[in-house]
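So the chains spell out like this:
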Amino acid sequence: MASSASIFPRVLLLSIAVMVHLSGASTESTLVKFSVSPSSTGKIDVLLTSYGMYENEQELQMHIYADEEWPQVKKLTLCSQKVRLAQKSVPIVFDYKGMMPDTRPGKKKTDRAEIYTSRIQTTIENPPRGRLAQGKERKDRSRYFYFLIDDCSLERYNHDDKAPDITFDATILNVRPSSKGEYNDHLPSDEAGIGFLLVLTLLFSGALTLLLLFKLLRTIGGEVHVAIIIVIAACGCNAASSLCELVHRSVFASNGIGSYSMDALSSHFEALSDSMVALILLSIGGGWTLPSDVKGDGLNIDSGVNKLMKGVRNPAGSLIDLISSRGVSGDGMGGLVALALIATHAGLAQWGRTFDDDFDTYHALEHPPGRALMFLRFFLGLVFITGVGMIRSSGRCPPSLMSFLTKFGLVGLSYFASLPGVSLFCKTLPYYQRHQALHWGAALVQACSLASLTWLFVGNSDASAYHRLSRVGKDAATDMAADLATATGGRKKSWKFGKTKINID
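J.: Tell me about the overall build of the protein chain, and name the residues and values.
T.: Check the secondary structure of the protein chain and you find 14 helices and 14 strands. Looking at the protein chain as a whole, 51% of its 505 residues are labelled buried. Taking all contacts inside the protein chain whose residues are at least 6 apart in sequence as the whole, residues at least 24 apart take part in 73%. Carbon and sulfur atoms form 61% of the exposed surface of the protein chain, whose accessible area is close to 23300 Å².

Structural data, given as structure tokens:
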């Protein structure tokens, strides 16, 4: 794995060196966290660049910690206490390279500085030698190692002004034994099995996309509901996310850098798929695609909850109205709710990339964006179940549909509650298993939701009470109320695309 790092990435992937500045208040800085496979060796090659002389190098070192000791390391306050728990220490000695261009941020192209460099090449065995503090043998398992540079003298002597800025570039290899000798690549062990998962996701989501496209093509020249198009887009985005991540992983395994653009696209495709699934669930839960005489008014028309639910009953139609009228008419609240939901997911995906640029961390709950996504899902779940309750309490809901809505409410609520549920489950697992468990859990939840929505819009009229009442699949002859509303000046409920009519209500 070759590149530079931000403070505390899981593995490294930045093309611009990151600045490190040690001081009495911050005597150590984490270079990288990397997971090494069982019975394997981690090889690290670090090039440190100092902008000025590091005058007192006697205690300047790189220390390597195993994940068993890491929780205790974080609790300790003194550098001198932490280094006693290190598995390995390597002294850092800088060599003078001369006056060279100063590439630090904020410097001019003409600025020059005294440049000193130090190169460290070392290995760490997994499992490490020696016993745990309790006298137990270390298990042969995947293990995280933490690579830090520190200078414990800074906490004893006041010479912060003599500690110059330092940047670093690092290469890490996961060296695994095989029948043909050692096998080296840059993928950490916590990515084992994720490639297979991505292939499964690509095939499954791709199959759903083709199934829905087949149904869509059969309606060319007739009528189709926009909900089907949204579900096609959600399935397609999920498949595209997996494909982009597979490309990134393939490149990363060989050069340790991968493709930033492919990994970024993977995160944003995944976020877009999530936002569309959430929109569809909220909308169906709020009565979208159901006849108006079934939806009723639900709760009190003046209540704040009812006004909120009106904003998500028809997000696609609201957006189309808002765009086509250039904001002059249409359900402005509904359009803004839909846009805000999509923008929030995209923002969280991009925010997650500031914490780890090597692999998609959209669902990583160890970072604030992942936790924010968890709370967003929890809130949307409350909105969803409120919408379902409004339809059930409208007084116009047929008994057969009541039963369907109960099951649909449970399925939808399980989707919104799944991420908090998966995160709580992952916390019960050993730390080194959580990354893979979270990926598999999130993929399973997304696959189930896409499959459920596909059934919802592909099933025939005998599949459920919803299929018998829903406007999805209904043509103009069986949905005269929509045409009547449009003819008498009501909101436009369909768009023409060539000879095909796209229903939006």
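J.: If you had to explain empty space enclosed by the protein to someone new, which residues and values would you point to?
T.: Gaps left between atoms are located by rolling a probe of water-molecule size over the structure's atoms. Under the definition given, this model contains three cavities of 30 Å³ or more. For the largest cavity, the calculated volume is near 60 Å³. Along the wall of the largest cavity there are eleven residues; nearest its centre are Arg 377, Ser 418, Leu 419, Ala 442 and Val 445. At the level of elements, α11 (399-427) and α12 (431-458) are the ones that each hand at least two residues to the lining of the largest cavity. The residue inventory of the lining of the largest cavity, partitioned by class, reads five nonpolar, four polar and two charged.

J.: Pulling in residues and values, what's your account of unusual backbone geometry?
T.: Put simply, Asn 126 and Pro 127 share a cis peptide bond, and its omega is 5°. By the element assignment, Pro 127 lies in the loop between β8 (112-126) and β9 (143-151). Even without being glycine, Ser 39 reaches a positive phi, approximately 50°. Along the polypeptide, Ser 39 turns up in the loop between β3 (28-36) and β4 (40-51).

J.: Mind laying out the packing of α11 against α12, listing which residues take part and the relevant values?
T.: Two elements in contact, α11 and α12, have axes separated by 9 Å at closest approach and are oriented at 170°. As the angle between them shows, α11 and α12 are arranged roughly antiparallel. In contact with Phe 404, Phe 408, Val 411, Tyr 415, Ser 418, Leu 419, Val 422, Cys 426 and Lys 427 of α11, α12 contributes Arg 434, Ala 437, Leu 438, Gly 441, Val 445, Gln 446, Ser 449, Ser 452, Trp 455 and Leu 456. Residues of the contact of α11 with α12, tallied by class, amount to twelve nonpolar, five polar and two charged.

J.: Can you lay out α11 for me, pointing to particular residues and giving the numbers?
T.: Taking 1.5 Å per residue, 29 residues should reach 42 Å; α11 reaches 41 Å between its end C-alpha atoms and fits that length. Where α11 bends most, the angle comes to about 50°, and this point is Ser 418, followed within four residues by the proline Pro 420.

J.: Go over the pattern of salt bridges with me, naming the residues and quoting the values.
T.: A complete count under the given rule lists 13 salt bridges for this structure. Among the salt bridges present, the one from Lys 82 reaches Glu 28, with a minimum N-O distance of 2.9 Å. Here Glu 28 lies in strand β3 and Lys 82 lies in helix α2 (residues 79-82), a separation of 54 residues in the sequence. Taking the relative accessible area as the measure of exposure, Glu 28 reaches 21% and is therefore partly exposed. A salt bridge links Glu 68 to Arg 143; the shortest N-O distance between them is 2.7 Å.

J.: Tell me about the state of the cysteines, and name the residues and values.
T.: A full pass over the atoms with the stated rule returns one disulfide. One disulfide in the model links Cys 79 with Cys 152; its S-S distance is 2.0 Å. Judged by the sign of its S-S torsion, about -70°, the bond between Cys 79 and Cys 152 is left-handed. Of this pair, Cys 79 sits in helix α2 while Cys 152 is found in the loop between β9 and β10 (166-178), placing the two residues 73 residues apart along the sequence. Note on Cys 152: relative accessible area 6%, which makes it buried. The thiol sulfur of Cys 237 is not disulfide-bonded, and the nearest other cysteine sulfur, from Cys 235, lies at 9.5 Å. With relative accessibility at 9%, the residue Cys 237 sits in the buried group.

J.: Could you give an account of the packing of aromatic side chains, naming the residues involved and the relevant values?
T.: Across all of its chains, the model carries nine aromatic pairs by this definition. Grouping aromatic residues by their ring pairs yields a cluster made of Phe 384, Phe 408, Tyr 415 and Phe 416. Across the ring face of Tyr 144, the terminal group of Lys 33 is positioned such that the distance to the ring centre comes to 4.9 Å.

J.: Describe the nonpolar core, and please don't skip the residues or the numbers.
T.: Core analysis: the largest hydrophobic core is formed by 53 residues, its most contacted members being Ile 280, Leu 281, Phe 416 and Phe 457. Look past the residues within four positions of Ile 280 in its chain and what remains in contact with it is Ala 227, Ile 230, Val 231, Trp 288, Leu 453 and Phe 457. By size, the runner-up hydrophobic cluster in this structure holds 29 residues, among which are Leu 60, Met 62, Ile 64 and Ile 120.

J.: So what's going on with the side chain of Thr 49? Residues and values would help.
T.: Mapped onto the secondary structure, Thr 49 falls in strand β4. The residues touching Thr 49, leaving out its near neighbours within four places in the chain, are Phe 94, Ile 115, Tyr 116, Thr 117, Asp 165, Ile 166 and Thr 167.

J.: How would you sum up the confidence of the model for the protein chain? Please name residues and give values.
T.: Per-residue confidence for the protein chain gives a mean pLDDT of 78, with 76% of residues at or over 70. In the predicted structure, residues 1-16 sits below a pLDDT of 50 and forms 83 contacts with residues beyond four places in sequence or in another chain. For the stretch residues 476-490, pLDDT sits under 50, and the model shows twelve contacts to residues farther than four places along the chain or on other chains.

J.: Please give an account of the packing of helix α5 (residues 260-285) against helix α10 (residues 368-392) that cites residues and values.
T.: Two elements in contact, α5 and α10, have axes separated by 7 Å at closest approach and are oriented at 25°. Taken together, the axes of α5 and α10 are roughly parallel relative to one another. Between α5 and α10, the residues in contact are Asp 274, Ala 278, Leu 281, Leu 282 and Gly 285 and Arg 377, Leu 380, Val 383, Phe 384, Gly 387, Val 388 and Ile 391, respectively. Residue composition of the contact of α5 with α10, grouped by class: eight nonpolar, two polar and two charged.

Procedures and definitions
- Residues numbered from 1 in each chain as written.
- Predicted model: local features only at pLDDT ≥ 70, side-chain atom pairs only at ≥ 80, totals over all residues.
- Heavy atoms only, no water.
- Helix = DSSP H or I, 4+ residues; strand = E, 2+ residues; numbered from the N terminus.
- Buried < 20%, exposed > 50% of the residue type's maximum accessible area, 1.4 Å probe, protein only.
- Contact = heavy atoms within 4.5 Å.
- Areas by Shrake-Rupley, 256 points an atom, 1.4 Å probe, with all protein chains shown as cover.
- 1 Å grid on protein atoms, 1.4 Å probe; cavity = no way out; pocket = protein on both sides within 12 Å on 5 of 7 lines; lining within 4 Å.
- Points joined across faces, edges and corners; volume = space filled by probe spheres on them.
- Nonpolar A, V, L, I, M, F, W, Y, C, P; charged D, E, K, R; others polar.
- Axes fitted to C-alpha atoms, helices over the stretch in contact; angles between N-to-C directions.
- Parallel < 35°, antiparallel > 145°, perpendicular 65-115°, else oblique.
- Expected span 1.5 Å × (residues − 1).
- Bend = angle between axes of the 7 residues up to and from the residue.
- Salt bridge = Lys/Arg side-chain N within 4 Å of Asp/Glu carboxyl O.
- Disulfide = S-S within 2.5 Å.
- Phe/Tyr/Trp six-rings, centres within 6.5 Å; stacked < 30°, edge-to-face > 60°.
- Lys NZ or Arg CZ within 6 Å of the ring centre and 35° of its normal.
- Core = buried A, V, L, I, M, F, W, Y, C linked by side-chain atoms within 4.5 Å.
- pLDDT = per-residue confidence, 0-100.

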